[in-house]
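Single-letter residue listing:
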Amino acid sequence: VKHQPLQVYERQLCLSCLTGIYGCRWKRYQRSHDDSSKWECAWFILLCCSFLLLLIWSYFWWQARNDYNEFNWLLYNRSGVWKDGTVPILATTLTGFTYSAFLIVLALCHVALGQQLNLYWLHKIGVLAVLLTTVTGVVSIDDFWQDEWDIVIISLQFTGPFLHIGALAVVTALGWVVAGQVVRGERSRLQVVTLMVYVSVLLVLYLVPLFISSPCIMDWSKLGPRPAVIGRRGAPMLAPEHTVMSFSKALQHKVNSLEADVAISLDGVPFLMRDRTLRRTTDVDELFPARQNNDASLFNWTEIRSLNAGLWFLRDDPYWTVQFMSKRERNRTANQTVCSLAELLRLAARTNRSVIFNLRRPPPQHPRHQLWVSDALKVIQRSSIQPEQVMWTPDWYRDKVRAAVPLLQQTSDEKLPVSQLKDRGISTLTLHYSQARAQDIRQFSGSNVSVNVYPVNEPWLYSLMWCSGVQSVSSDAPHILKKVPNPIWIMSADEYSLIWITSDLISLAIVICIFIFQNYWFFRWKMSGMRSYNPEQIMLSAVVRRPSRDVNIMKEKLIFSEINNGVGSTDELSVYTGNGLDAYACEDTVMLSSHVTKVKPGLPV
C-alpha cells in the first residue's frame, strides 16, 4: 500500500496576519468561509459609521486651522488659563482615524477574500471608544464653537472638485470587492441589494459636479487684483500681539494696513488691548495681583505702561514660533510694553500705512464712559497721520465723528444693504469670512463699497477670497500670505467640465472591466473545479453544511490522526485548496488521502 497525498500544505502568512489582527484567528483551522453572522455584520456597519463620522471630524479640524487661535482664545475666556486646546484634540483624532481606517481595510480584505468577519472583542471596545469620543467632540463643538461649522461649507467651495475625484477613485476601487460579492454570492437578494447600493452611490458621484460651485472656477481674465493684506494686531504669530514689535514685523512682511483693538484707560489714554482684562498678555498678576481680574480700562496709563507685554509670548508660545526666534528677537520680545494708539498712528504715518481699529467702550463706572469717542478723536487729530488713512469702525456717534473729522474712512462691521451703507457714508465693509459670499461681494464692489474679510490666515482661504473679488483681508499671518502670489488653483468652466467628464468615463470603464474580469475568473475557476472532480475524494461538509465549530473539531482530529498514523517525512499533510466544488469551504476543506493498492496481474481483485 502506497500513500499518495492529494493535498499540499501551503503556509499563508498574509492571510494568517489578516485574520489574526482583525479577529485573533491566527490558526488555519480557525478560519471559515461561512457567511458572517448578523451580529458581526452589525459591527461592520458600526465600524463604517464610526469611520465616516471620524472622517468628517478630521476634515473639520483640518480646515479649522485658520481659526486655531480663536478656539484657544475662547477656551481661555472660559477657563482663565491659556493653553493650546487643539493639541490633544488633533492627537486623539489622528489616532482614532488611523485605527479606524486600519480596521476598515482589514474588514474589506476579509470580504474580498471570502473570509468570515469576526471582529475581536478588544477591537469592538476600541470601535465603541472611537465612536463615543467623536460623538462627544461633535456635540461639544456644536455647543462651544457652533459658528465654526461654517468653515466646512466654505472650504468645500475650494476642495470640492478634488474631494469629488478622490471619492470617485475610492468608490471605483471598492468595485473589486462589490463585484466579488455579487459574482460569488449565494443569496440573490443580497446580490441585488449590494449591486443597487453600489450603483446608486456611483451615480451620485458621477452627478455631484452639477452641484459644485466655486469662485475659483472662472477664467483668468476675470480674476481681480491681489487683495491687500492687513496686519491684524500686527503679526501676532511672530511677536506679542498689539506691541510695537508686532506691528514692525507686519510692516516687514509688506502689509498694506494695520489693525488694532483699542480700549480707553482710566485717565483717558487710548491703548491697544484685545482682552477685557490684562491677565493673558501682561504680568499684571505680579505687579497688581489684587486687581488682575479687573477690566483693563480701570487702570491708568502709568500703571498700564509699567506692565511687561512680551514675557507671556515666550512662556506660552501660542503659535509654536518661539523656537524660530533669534536670541536678539527673544530679548526684544521680553522687553515689550503695552502700545498706545498714539504710538501706532506715528508708526503708520512714518511708513505711510493705513490704520483700522475697533474701539471698545469702557464700563459704566468708568469716568470716560461718555467721552471715549472724543478721547480717540483727539489722538487722531494730534497725530501726524492723514485722516484719510484712518478707518473708523465704531457706529457710536458716527455723525458727530464725520462732522469733526470728515476725511476719516467710515467702516462698518455690520452687513447692511447697499442703500443703508451709502446713507451712512460707509465706504468699507469689514465682514467675517462666513458672511462673505461671492455674489454679495460683487454687489458691494459694483456699488463702490470695498470689502475687507477677517480672519484669513490660510493660503486656501486667501485664494478663495481672491477669486471672490474681495479688496483686502485681515490676517494674523501676513508672513504666510506673502508667499501666495497667485490663487492656489483656478480653472475655467470648460476645463472643469472636461476633468469631470473624463474622470467619470474612466471610472465607469474601470468598473465595467472589474465586473467582466470577476465574472470571467469565477467561470474559469468553477469549470476547472468541475473538471478536476474525483468521486473517490471525500470532502467534509460537501453535502451537509456543518457549523464552523464542528468542522474545526473534525479538522483537528483528522490532522492529528494522520500524524499519529505515521505519515513519513516525505509525505506531506495539507489542506485541500483547489477543488472548487465547495464554494463556502474551498480553502479549509479537509480531504482524506487516497490509498492505491498495486495488484499483480492475474490475481483476483
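Quantities reported herein were computed from a predicted structural model and do not represent experimental measurements.

Caption draft 1: Here's a closer look at the overall build of the chain. Helix and strand content of the chain: 21 helices and 11 strands. Looking at the chain as a whole, 47% of its 605 residues are labelled buried. At a minimum sequence separation of 6, the contacts of the chain that also span at least 24 residues come to 69%. Counting only carbon and sulfur atoms, one obtains 61% of the accessible surface of the chain, whose full area is about 31,300 Å².

Caption draft 2: A look at the pattern of salt bridges. Tallied over the entire structure, the rule returns 18 salt bridges. Between E329 and K249 there is a salt bridge, with its nearest N and O atoms 2.5 Å apart. Of this pair, E329 sits in helix α12 (residues 327-334) while K249 sits in helix α8 (residues 244-252), and the two are 80 residues apart along the sequence. Using a relative accessible area of 11% as the deciding quantity, one classes K249 as buried. Bridged by salt links that share partners, the residues E70, R232, R233, D261, R274 and D476 form one connected network.

Caption draft 3: Region of the structure containing the packing of aromatic side chains. Going through the model one piece at a time under the given rule, you end up with 26 aromatic pairs. By the ring-pair criterion, three or more aromatic residues cluster together here, those being W57, F60, W61, Y68, F71, F144, W145 and W149. Stacked on the ring of F288, the Lys or Arg R291 has its end atom at 5.5 Å from the ring centre. The ring of W396 is capped by R361, whose NZ or CZ atom sits 4.5 Å from the centre of that ring.

Caption draft 4: Highlighting the nonpolar core. If you look at the biggest cluster of nonpolar residues, it comprises 84 residues, and the most contacted ones within it are W61, F357, W392, V453, M465 and V473. In contact with W392, other than residues within four places in its own chain, are F357, L359, V373, A376, L377, I380, R398, V401, L408, Q409, Q410 and T411. Of all hydrophobic cores here, the second largest spans 16 residues; its members include L15, F44, L106 and L119.

Caption draft 5: Summary view of the side chain of S100. The topology assignment puts S100 in helix α4 (residues 86-113). Classification of S100 by relative accessible area gives buried; the value is 2%.

Caption draft 6: Spotlight on the environment of V201. Structurally, the position occupied by V201 is in helix α7 (residues 188-207). Taking C-alpha positions, V201 is 8.1 Å from V171, a pair spaced 30 residues apart along the chain.

Caption draft 7: Representation of the UniProt feature "transmembrane region" (unreviewed entry) in the chain. Mapped onto this structure's residue numbering, the UniProt feature "transmembrane region" (unreviewed entry) falls at residues 41-62, 87-109, 121-141, 161-180, 192-212 and 498-523. Split by type, residues 121-141 is 100% helix and 0% strand. Its first and last C-alpha atoms lie 30 Å apart. Secondary structure across residues 192-212 comprises 76% helix and 0% strand; the distance between its end C-alpha atoms is 31 Å.

Caption draft 8: Inspection of the pairing of strand β8 (residues 428-432) at higher detail. Taken across its 5 residues, β8 has 4 buried, putting it largely inside the fold. Sheet analysis places strand β7 (residues 409-412) next to β8, joined by 2 bridges and oriented parallel. Residue pairing for β8: T411 is matched across the bridge by T428. The handedness of the β7 to β8 crossover, carried by helix α16 (residues 418-423), is right-handed. As judged from the 5 bridges shared by β8 and strand β9 (residues 450-454), these two strands associate in the parallel manner. Following the sheet pairing, H432 is matched in β9 by Y454. With respect to chirality, the unit in which β8 leads through helix α17 (residues 438-446) into the neighbouring parallel β9 is right-handed.

Caption draft 9: Highlighting α17. Inspection of α17 places A438, D440, I441 and F444 among the buried residues, and these make up the whole buried set. Summarising the axial view, the buried residues of α17 lie within an arc of 160°, below the 170-degree limit, and thus occupy one face. Among the exposed residues of α17, those oriented more than 90 degrees off its buried face are R442 and G446. Tucked inside the fold, the buried residues of α17 contact α16, β8, β9 and α18 (459-468). Once α17 finishes, N448 follows within two positions and takes phi at roughly 65°, a positive value.

Caption draft 10: Seen up close, the environment of G268. Relative to the helices and strands, G268 is located in the loop between β3 (257-264) and β4 (270-272). When the C-alpha positions of G268 and D375 are compared, they lie 6.2 Å apart, and in sequence the two are 107 residues distant.

Caption draft 11: Expanded view of the pairing of β7. Pairing between strand β6 (residues 390-392) and β7: 2 bridges, direction parallel. Considered in β7, the bridge of W392 is made with Q410. Read as a crossover between parallel neighbours, the route from β6 over helix α15 (residues 398-404) to β7 is right-handed.

Caption draft 12: Here's a closer look at the packing of helix α3 (residues 68-79) against α4. It is the contact of α3 with α4, at a shortest axis distance of 10 Å, that shows an interaxial angle of 120°. Judged on the interaxial angle alone, α4 and α3 are oblique. Two secondary-structure elements touch here, α3 through Y68, F71 and N72 and α4 through T86, I89 and L90. Its residues placed into classes, the contact of α3 with α4 shows 4 nonpolar, 2 polar and no charged.

Caption draft 13: Up close: helix α1 (residues 13-23). Taken together, the buried positions of α1 are occupied by L15, S16, L18, T19, G20, Y22 and G23. Its buried side turned inward, α1 meets α4 and α5 (121-144). Directly beyond the C-terminal end of α1, a positive phi value near 60° is found at C24.

Caption draft 14: Representation of the state of the cysteines within the structure. Within this structure, the stated rule accounts for 0 disulfides. The thiol of C48 is not disulfide-bonded; the next cysteine sulfur, from C49, is found 6.9 Å away.

So, how was this worked out
- Residues numbered from 1 in each chain as written.
- Predicted model: local features only at pLDDT ≥ 70, side-chain atom pairs only at ≥ 80, totals over all residues.
- Heavy atoms only, no water.
- Helix = DSSP H or I, 4+ residues; strand = E, 2+ residues; numbered from the N terminus.
- Buried < 20%, exposed > 50% of the residue type's maximum accessible area, 1.4 Å probe, protein only.
- Contact = heavy atoms within 4.5 Å.
- Areas by Shrake-Rupley, 256 points an atom, 1.4 Å probe, with all protein chains shown as cover.
- Salt bridge = Lys/Arg side-chain N within 4 Å of Asp/Glu carboxyl O.
- Phe/Tyr/Trp six-rings, centres within 6.5 Å; stacked < 30°, edge-to-face > 60°.
- Lys NZ or Arg CZ within 6 Å of the ring centre and 35° of its normal.
- Core = buried A, V, L, I, M, F, W, Y, C linked by side-chain atoms within 4.5 Å.
- UniProt positions renumbered as here; feature names shortened; annotations may be inferred.
- Pairing = 2+ DSSP bridges.
- Right-handed = clockwise from strand over helix to strand, strands pointing away.
- Arc of directions from axis to C-beta.
- Axes fitted to C-alpha atoms, helices over the stretch in contact; angles between N-to-C directions.
- Parallel < 35°, antiparallel > 145°, perpendicular 65-115°, else oblique.
- Nonpolar A, V, L, I, M, F, W, Y, C, P; charged D, E, K, R; others polar.
- Disulfide = S-S within 2.5 Å.

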